[in-house]
2 protein chains.
Amino acid sequence: MSAEFSKGAPASSFAGAAPKAVRIVVDCMGGDHGPVVTLPACRAFLDKHPQAEIVLVGTEAALSAAAGWDRCTRVVATEVVTMDDAVEVALRKKRDSSMRVALQQVKDGASTGVLACVSAGNTGALMAVARYLLKTLDGIDRPAIATVLPNRHDGYTTVLDLGANVDCTPEHLLQFAVMGSALVTAVDGKAEPLVGLLNIGEEAIKGSDTIKRAGELLRAAGEAGQIRFHGNVEGNDIFKGTVDVVVCDGFVGNVLLKTSEGLASMLSDFIKQEFTRGPLAKLAALVALPVLKRFKHRVDPRRYNGAALLGLRGLVFKSHGSADAYAFEMALTRAYEAASHGLVDRVHDKIVPTLKSMPGAPAESAA
Amino acid sequence: MSAEFSKGAPASSFAGAAPKAVRIVVDCMGGDHGPVVTLPACRAFLDKHPQAEIVLVGTEAALSAAAGWDRCTRVVATEVVTMDDAVEVALRKKRDSSMRVALQQVKDGASTGVLACVSAGNTGALMAVARYLLKTLDGIDRPAIATVLPNRHDGYTTVLDLGANVDCTPEHLLQFAVMGSALVTAVDGKAEPLVGLLNIGEEAIKGSDTIKRAGELLRAAGEAGQIRFHGNVEGNDIFKGTVDVVVCDGFVGNVLLKTSEGLASMLSDFIKQEFTRGPLAKLAALVALPVLKRFKHRVDPRRYNGAALLGLRGLVFKSHGSADAYAFEMALTRAYEAASHGLVDRVHDKIVPTLKSMPGAPAESAA
């Protein structure tokens, strides 16, 4: 497996880097647009973050555009995981894909100095290869995908899981709570993020047996000081900003994310349609343009791009496949913040005592 | 139980009504505002529907405002189920509540002539009392709550279940598909509504075991001509209008509904904030007012008010608790359409052959 690296620039080319440098590897081929989007994003990101270093992974032809960039190394990979490739193809066939070579750089962090990977590739493939190469942290049964959604406080709410796990036990939901808290602390600097359990009512008696039992575990973890637990929250609390972290299973998380994306996109198209319906509406649009632009910026989903794959022995961030350069740069920034603040160590340091303090719920007993 | 009716006007006061009259009973006390909202809504509804008749149920004082209304009878109930009352209170204690008396009028439809009930009261209580009094149809294990959400075609998508059932078997999801189809046919006149199964991907291999098995049942029902099955849909398909009916369990449905409400409300407040931020923005708002009004009307949630409680031996519609008179009138209109087109019979006529045609899934075997 390590033979792949012989094709790329040696990692030791970074040997003289400043001690505070934060090195991130980028799968340049992933996403709907590949290097056309990822390379300009990397350039813009490097220009804004003087302590950042980037390892670009992609085909030789694609990477030629980045020749001579400062704080940037190129590693050649001969294959590309497409957005339609089955997980098995990414895992067993395309062993020299840009995605896999990039993740291997994280695994070999001790020698490569790489702290995090960013890819806009196929989510299922990215999760499978990341899990295979990096493995999960002690105490974590399953990795989770966490993203952020904007809220009324002009901040954002972190939601997990978003589709990695369709069936979750109460223990998994507790692990998600701990991982989500560590993410918010690392990326946003909030010392004690508030966690809510997504349910269909605020009362503790609501929901399925799994949710009720998860509520008990989260309450116990809250009382033991492992997390700060608010209690149950409902779907609208995500946008109210009632809590910093909302925990749910991957099925529910995926549905709520796609429902929100679909609704926001419909409303935005309706606004456009109404402001182009005839000459008077177009005149109104002209007058209202600065206001509409401010509104658009405020809810721009590109600002929230970059989902974290949590619970692995290494940092991996997933960009939306359809991301443009601005959105991909935001994903790079989130990865940079998480890497700068030691997210993996934070999750590890939190999860072990949390699970130990729950005699009724050792991770080993989870199905 | 039938003693309650002795307090009200005799149902026979409608004896001379035209044969095509559609009689609806209204729980005037339900919701956040009670008669202040429900009575004006009933009046506006009656004025627009010359064949409608209404039975108002409420306290004597509340109903006095409707004295002398044409096509309207008043039935007194001495108690009111509050929005905070536990299900047990509504079911066992408040036996003379306006909610219960109204539902009893549906049960006694043969003598009262009432075809449907509309209430803005506590959802849990309404479902429990309706189920207790009316019972479920043959072949239906559990009633479901169905509502509509607007879509890009300026039509709407029916979604069920919305919270009545947190754990669903594949058989329940099949029953929801049949009931949802019957609802769309009765209310919108669509002969063969297209049904989608909510999942986290379009491929049949996605989702939990329950969802996969439900997909098989729905596919078989589609092939047998019992429903028109599209296949899996994702959260964003609700607003795309990919299908007429989206089927999911009550936990997922409740989360997606509340998430959508929360997002829409946040975006609408953001628009308001941006258009009132300083004198220039206010001027722009003035110029853009007709456009903003058209947009607001297009996505006005009040137009979609009125969830159907399906699978019961009688029609019950639930209005949002916070509904104003316009929204409550929309719920009355939906109930009127469903009653006019024999929704209960349609569900019954569809569900029995559908379940019989599935040798692998008799309703009796459902957990």
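Definitions and cut-offs
Residues numbered from 1 in each chain as written. Chains lettered and ligands numbered in written order. Predicted model: local features only at pLDDT ≥ 70, side-chain atom pairs only at ≥ 80, totals over all residues. Heavy atoms only, no water. Least-squares fit on C-alpha atoms with pLDDT ≥ 70 in both. Contact = heavy atoms within 4.5 Å. Phe/Tyr/Trp six-rings, centres within 6.5 Å; stacked < 30°, edge-to-face > 60°. Helix = DSSP H or I, 4+ residues; strand = E, 2+ residues; numbered from the N terminus. Buried < 20%, exposed > 50% of the residue type's maximum accessible area, 1.4 Å probe, protein only. Lys NZ or Arg CZ within 6 Å of the ring centre and 35° of its normal. Expected span 1.5 Å × (residues − 1). Buried area = accessible area lost by both parts, 1.4 Å probe. Salt bridge = Lys/Arg side-chain N within 4 Å of Asp/Glu carboxyl O. Polar contact = N/O pair within 3.5 Å; in protein donor to acceptor, adjacent residues only side chain to side chain. Nonpolar A, V, L, I, M, F, W, Y, C, P; charged D, E, K, R; others polar. pLDDT = per-residue confidence, 0-100. Pairing = 2+ DSSP bridges. Axes fitted to C-alpha atoms, helices over the stretch in contact; angles between N-to-C directions. Bend = angle between axes of the 7 residues up to and from the residue. Core = buried A, V, L, I, M, F, W, Y, C linked by side-chain atoms within 4.5 Å. Left-handed = near helix turned anticlockwise from the far one by under 90°.

Caption draft 1: Region of the structure containing the relation of the copies chain A and chain B. In the superposition of chain A on chain B (RMSD 0.0 Å, axial shift 0.0 Å), the rotation amounts to 180 degrees. In short, the pair behaves as if placed about a two-fold rotation axis. An overlap of 100% is found between the interface residues of chain A and their copies at the interface of chain B, pointing to a shared contact surface.

Caption draft 2: Representation of the packing of aromatic side chains within the structure. Under the definition given, this model contains four aromatic pairs over all chains. Relative to Tyr 336 of chain B, the ring of Phe 45 of chain B lies with its centre 5.7 Å away and its plane at 75 degrees, an arrangement referred to as edge-to-face. Placement of Phe 45 of chain B in helix H1 (residues 35-48) and of Tyr 336 of chain B in helix H12 (residues 325-340) is noted, with a sequence separation of 291 residues between them. Neither Phe 45 of chain B nor Tyr 336 of chain B differs from the other in exposure class; each is buried. It is Arg 43 of chain B that lies over the ring of Trp 69 of chain B; its NZ or CZ is 5.0 Å from the centre. Between the NZ or CZ atom of Arg 298 of chain B and the centre of the ring of Phe 270 of chain A, over which it lies, the distance is 3.8 Å.

Caption draft 3: Quick peek at helix H8 (residues 209-223) of chain A. Over its 15 residues, H8 of chain A runs 21 Å from end to end, which matches the ideal 21 Å to within 8%, given 1.5 Å per residue. Within H8 of chain A, burial applies to Ile 211, Ala 214, Gly 215, Leu 217, Leu 218 and Ala 221 of chain A. Tucked inside the fold, the buried residues of H8 of chain A contact helix H7 (170-188), strand E7 (194-198), strand E8 (228-233) and helix H13 (343-356) of chain A together with helix H10 (250-274) of chain B. Two residues or fewer past H8 of chain A, Gly 225 of chain A is found with a positive phi of approximately 80 degrees.

Caption draft 4: Broad picture of the interface of chain A and chain B. Counting residues at the interface gives 51 residues for chain A, matched by 51 residues for chain B. Interface of chain A and chain B: buried area, both sides summed, is about 4600 Å²; carbon and sulfur atoms make up 74% of it. Considering only the surface of chain A that becomes buried against chain B, Arg 152, Ile 200 and Phe 251 of chain A emerge as the three largest contributors, covering 14% of it. Remark: the boundary between chain A and chain B carries eight salt bridges. With its nearest N and O atoms 2.1 Å apart, the salt bridge here joins Glu 234 of chain A to Lys 258 of chain B. At the surface where chain A touches chain B, the tally comes to 15 residue pairs in polar contact (both at pLDDT 80 or more). Counting only elements with at least two residues in the side of chain A that touches chain B, the list comes to H8, helix H9 (237-240), helix H10 (250-274) and helix H11 (279-298) of chain A. Among the elements that line the side of chain A that touches chain B, the one with the most residues is H10 of chain A, at 20 residues. Among the residues forming the side of chain A that touches chain B, the class breakdown is 26 nonpolar, 14 polar and eleven charged.

Caption draft 5: Structural context of the pattern of salt bridges. Taken as a whole and judged by the stated rule, the model has 36 salt bridges over all chains. Put simply, Asp 47 of chain A and Arg 43 of chain A hold a salt bridge, and the shortest N to O gap is 2.7 Å. Of this pair, Asp 47 of chain A and Arg 43 of chain A are both found in helix H1 (residues 35-48), four residues apart, which corresponds to roughly one turn of the helix. Since its relative accessible area comes to 52%, Asp 47 of chain A is described here as exposed. Classification of Arg 43 of chain A by relative accessible area gives buried; the value is 19%. Arg 71 of chain A is paired through a salt bridge with Asp 70 of chain A; the nearest N and O atoms lie 3.6 Å apart. Judged by its relative accessible area of 41%, Asp 70 of chain A is partly exposed. By sharing partners, the salt bridges in this structure join Asp 154, Arg 294 and Arg 298 of chain A together with Glu 274 and Arg 277 of chain B into a single network.

Caption draft 6: View of the confidence of the model for chain A. Residue and element names in this part refer to chain A. Here chain A averages 88 in pLDDT, while 92% of its residues score no lower than 70. Averaged over each element, pLDDT in chain A is lowest for H13 (79) and highest for strand E9 (residues 245-247) (98). Segment residues 1-19 is flagged for pLDDT under 50; beyond a separation of four residues in sequence, or across chains, it makes 32 contacts in the model. When the criterion is pLDDT under 50, residues 361-367 qualifies, and its contacts beyond four places in sequence or with other chains add up to 13 contacts. The ipTM, which scores confidence in the relative placement of chains, is 0.85 for this predicted complex, and the corresponding pTM is 0.87.

Caption draft 7: Just the sheet that holds E9 of chain A, in detail. Residues and elements named next belong to chain A. Strands sit in the order E3-E2-E1-E4-E11-E10-E5-E6-E9-E7-E8 across an open sheet of eleven strands; the sheet is mixed. The open sheet has two edge strands with one neighbour each: strand E3 (72-76) and E8. Averaged over all pairs of adjacent strands, the angle between strand axes in this sheet comes to 25 degrees, irrespective of strand direction. Examined bridge by bridge, strand E5 (residues 144-150) and strand E6 (residues 156-160) share five bridges and lie antiparallel to one another. By the bridge assignment, Leu 149 is partnered in E6 with Thr 157. Sitting on the sheet, helix H4 (residues 98-107) touches strand E1 (22-27), strand E2 (52-58), E3, strand E4 (114-119) and strand E11 (315-318), and the angle it makes with E4 is about 160 degrees. On the sheet, helix H6 (residues 123-134) packs against E4, E5, strand E10 (307-310) and E11 and is oriented at approximately 175 degrees with respect to E11.

Caption draft 8: Up close: the side chain of Asp 244 of chain A. All names here are of chain A. Position of Asp 244 among the secondary structure elements: in the loop between H9 and E9. Within the local environment of Asp 244, its side chain forms a polar contact with the side chain of Lys 190, the two groups lying 2.5 Å apart. Other than its neighbours up to four places away in sequence, Asp 244 contacts Thr 157, Thr 158, Val 184, Lys 190, Pro 193 and Leu 194.

Caption draft 9: Structural detail: helix H11 (residues 279-298) of chain B. Between the first and last C-alpha of H11 of chain B there are 27 Å, a value that for 20 residues agrees with the 28 Å anticipated at 1.5 Å per step. At Ala 288 of chain B, H11 of chain B is deflected by roughly 65 degrees, the largest bend along its length, and proline Pro 290 of chain B occurs up to four residues later in sequence. Of the residues making up H11 of chain B, those classed as buried are Ala 281, Ala 284, Ala 285, Ala 288, Val 291, Leu 292, Phe 295 and Arg 298 of chain B. In the core, the buried residues of H11 of chain B are packed alongside H10 and H11 of chain A together with H10 of chain B.

Caption draft 10: Structural view of the environment of Asp 345 of chain B. Residues and elements named next belong to chain B. Here Asp 345 is to be found in helix H13 (residues 343-356). For Asp 345, a relative accessible area of 52% gives the class exposed. Separated by 208 residues in the primary sequence, Asp 345 and Leu 137 place their C-alpha atoms 9.7 Å from one another.

Caption draft 11: View of the nonpolar core. One finds Leu 56 of chain A together with Ile 24 and Leu 56 of chain B to be the most contacted residues of the largest nonpolar core, which totals 245 residues. Every residue in contact with Leu 56 of chain B, bar those within four places of it in the chain, is listed here: Val 26, Cys 28, Leu 39, Cys 42, Leu 63, Ala 66, Trp 69, Cys 72, Thr 73, Arg 74 and Val 75 of chain B.

Caption draft 12: Structural view of the sheet that holds strand E10 (residues 307-310) of chain B. Residues and elements named next belong to chain B. If you walk across this open sheet you meet the eleven strands as E3-E2-E1-E4-E11-E10-E5-E6-E9-E7-E8, and the pairing is mixed. Of all the strands in the sheet, the pair left with one neighbour each is strand E3 (72-76) and strand E8 (228-233). On average, each strand axis in the sheet is inclined to that of its neighbour by 25 degrees, with strand direction left out of account. Looking at chain direction, strand E6 (residues 156-160) and strand E9 (residues 245-247) are connected through three bridges and run parallel. Across the sheet, residue Leu 160 finds its bridge partner in E9, namely Val 247. Strands in contact with helix H4 (residues 98-107) are strand E1 (22-27), strand E2 (52-58), E3, strand E4 (114-119) and strand E11 (315-318); relative to E4, the strand with the most contacts, it is inclined by about 160 degrees.

Caption draft 13: Broad picture of the packing of H10 of chain A against H11 of chain B. Look at H10 of chain A against H11 of chain B: their axes get within 9 Å of each other, and the N-to-C directions meet at 145 degrees. Along this stretch, H10 of chain A crosses H11 of chain B, giving a crossing that reads as right-handed. Contacts between H10 of chain A and H11 of chain B involve Leu 267, Phe 270, Ile 271, Gln 273 and Glu 274 of chain A from the former and Val 291, Arg 294, Phe 295 and Arg 298 of chain B from the latter.

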